[in-house]
Amino acid sequence: MSKKWITAKLPEFVRDVLRDFCLVSRELESGFRLLDRSGHVDFVLLSHLLGQEMNKGLLWHLKDTAHVLFKHDDRPGARRLGQFLDWSVGYIFHDAMKLREDAYQQQNYAPWFRKLRDQDRNGRGAGIGDDLFGVLDQTNESIQREVNRIRFLLSICRRLFCEYLPLHADNELLARFLFAQNDLVREVFGEGYARLVGRIYGPRPQRMYVLAARSLRRGGWADEAARALDQAEALAQDCIEVREERQLLAPRPQ
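(A) Structural context of the nonpolar core. Within the largest apolar cluster, 76 residues are counted, with the highest numbers of intra-cluster contacts made by L178 and F189. Ignoring sequence-local partners within four residues, the contact set of L178 consists of L18, V185, L196, I200, Y201 and M208.

Below is the structure:
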């Protein structure tokens, strides 16, 4: 990939990294809640998120896209924030790889070994079996450490996005994503959602909807663009940008 091509695609990379981070966060937290309730990790979910070298999953794609974006974003102030985000996403990926392996051990080896140990309670290897069983306890401890680290790093990423994304406050694709997938973003950022939007758009929250409407209009989505402008107008009734954008919209069918 050439530097020129990456620079031209930077708005898409920003949108894609936030989108994939939100999707990955939602899936991981769903799996972690299952662990909290049952004590077991969802191996299938982790395998789906990670994938393989020749068939990468969403988390793997997030890691790769984040590395490209944060390596090439030269906006003032972006380099250090990008390095922190790149490192955090990469660490989440590698911890998820370890978690998948531990989940495999827990799901496949643990039941088989428990059965083997119980069958040999009075045999010559009984004591050794008890010693080996301690490895399973260590695996469970490793799982909990990995989950705790991933949860912590996800929270750090949310904080970092609140500092990094304001550098891309003019990104129409980012605004369009925040508008179109608002429920997803609110779910992932929780109480930090208001801070995220506030940091990006400052005292002009309607700007998010105006930029989203502009992107939607250019893509031929007139009705969706009009709905975005309705929300912008609800926040700022006398906004000149809203009026100008409405004039550019094709008349909607009656």
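(B) Spatial organisation of helix α9 (residues 206-218). Its 13 residues give α9 an end-to-end C-alpha distance of 19 Å, which sits within 8% of 18 Å, the value for a rise of 1.5 Å per residue. Within α9, 11 of the 13 residues are buried, which leaves it mostly tucked inside the rest of the structure. Taken together, the buried positions of α9 are Q206, R207, M208, Y209, V210, L211, A212, A213, R214, S215 and L216. Tucked inside the fold, the buried residues of α9 contact α6 (172-180), α7 (182-189), α8 (193-201), α10 (222-235) and α11 (240-248). Just past α9, the residue G220 takes up positive phi, approximately 90°.

(C) Main features of the side chain of D86. With respect to the helices and strands, the residue D86 is situated in helix α4 (residues 78-119). When sequence neighbours within four positions are dropped, the list of residues in contact with D86 reads A66, H67 and F70.

(D) Molecular detail of the packing of aromatic side chains. Evaluation of the coordinates by the stated rule reveals eight aromatic pairs. Judged by centre distance (5.6 Å) and plane angle (55°), the rings of F43 and Y104 are tilted. Note that F43 is positioned in helix α2 (residues 43-50) and Y104 in helix α4, a separation of 61 residues in sequence. Under the relative-accessibility criterion, Y104 is labelled partly exposed at 34%. Taking the ring centre of F93 as reference, the NZ or CZ of K63 above it sits at 5.0 Å.

(E) Quick look at α2. Along α2, the residues classified as buried are F43, L45, L46, L49 and L50. One side of α2 holds all its buried residues, which, seen down the axis, span an arc of 160°. Away from the buried face of α2 by more than 90 degrees, exposed residues V44 and H48 are located. By the N-cap criterion, in which a side-chain oxygen at the helix start approaches the backbone nitrogen of a residue two or three places on, α2 is capped by D42, the distance to V44 being 3.2 Å. G51, located one to two residues past α2, shows a positive phi value of around 70°.

(F) A look at empty space enclosed by the protein. This structure, assessed with the given rule, holds one cavity of 30 Å³ or more. The volume enclosed by the largest cavity comes to roughly 40 Å³. Lining the largest cavity are L28, G31, F32, V41, D42, L45, L46 and L99. Broken down by secondary-structure element, the contributors of at least two residues to the lining of the largest cavity are α1 (3-38) and α2.

(G) Spatial organisation of the pattern of salt bridges. Scanning the entire structure with this criterion turns up 23 salt bridges. E172 is the salt-bridge partner of R218, the closest N and O atoms lying 2.9 Å from each other. Taken as a pair, R218 in helix α9 and E172 in helix α6 lie far apart in primary sequence, 46 residues in all. Here E172 falls in the buried class, since its relative accessible area comes to 19%. Here E241 and R204 are joined by a salt bridge, their closest N and O atoms 2.7 Å apart. Within this pair, whereas E241 is found in helix α11, its partner R204 is found in the loop between α8 and α9, the two being separated by 37 residues in sequence. On the basis of relative accessible area, E241 is assigned to the buried category, the value being 17%. For R204, a relative accessible area of 39% corresponds to the partly exposed category. Among the charged side chains, a network of salt bridges with common partners joins R15, D16, R19 and D20.

Rules and cut-offs
- Counting from 1, residues in each chain are numbered in the order their sequence is written.
- Totals for whole chains, interfaces and linings use every residue, but because this is a predicted model, local features are given only for residues with pLDDT of at least 70 and side-chain atom pairs only at 80 or more, for both listing and counting.
- Side-chain metrics rest on all non-hydrogen atoms present in the structure, leaving aside hydrogens and water.
- Buried Ala, Val, Leu, Ile, Met, Phe, Trp, Tyr and Cys residues form a nonpolar core when they are joined through side-chain atoms within 4.5 Å.
- Here the term buried applies to any residue with accessible area under 20% of the maximum for its type, exposed to any over 50%, and partly exposed to those in between, with areas from a 1.4 Å probe on protein chains only.
- Residue contacts are defined here by distance: any two heavy atoms, one from each residue, within 4.5 Å place the two residues in contact.
- Helix and strand definitions follow DSSP, with helices as H or I runs of at least four residues and strands as E runs of at least two, each counted in order from the N terminus.
- Expected helix span is given by 1.5 Å per residue-to-residue step, counting one fewer step than there are residues.
- Pairing of aromatic rings covers Phe, Tyr and Trp, the last through its six-membered ring, and needs centres within 6.5 Å; plane angles under 30 degrees mean stacked, over 60 mean edge-to-face, and all others mean tilted.
- Placement of a charge over a ring requires the Lys NZ or Arg CZ to be within 6 Å of the ring centre, with the centre-to-atom vector within 35 degrees of the ring normal.
- Here the arc refers to the directions that run from the helix axis out to each C-beta atom.
- Here a polar contact means two N or O atoms within 3.5 Å. Within protein one must be a hydrogen donor candidate and the other an acceptor candidate, and residues neighboring in sequence count only if both atoms are side-chain atoms.
- Both cavities and pockets are sets of points on a 1 Å grid over the protein atoms alone; in a cavity a 1.4 Å probe fits but cannot get out, in a pocket the set is open with protein on both sides within 12 Å along at least five of seven lines, and lining residues sit with an atom within 4 Å of a point.
- Grid points are joined across faces, edges and corners, and a volume is the space filled by probe spheres set on the points.
- Any Lys or Arg side-chain nitrogen located within 4 Å of an Asp or Glu carboxyl oxygen qualifies as a salt bridge.

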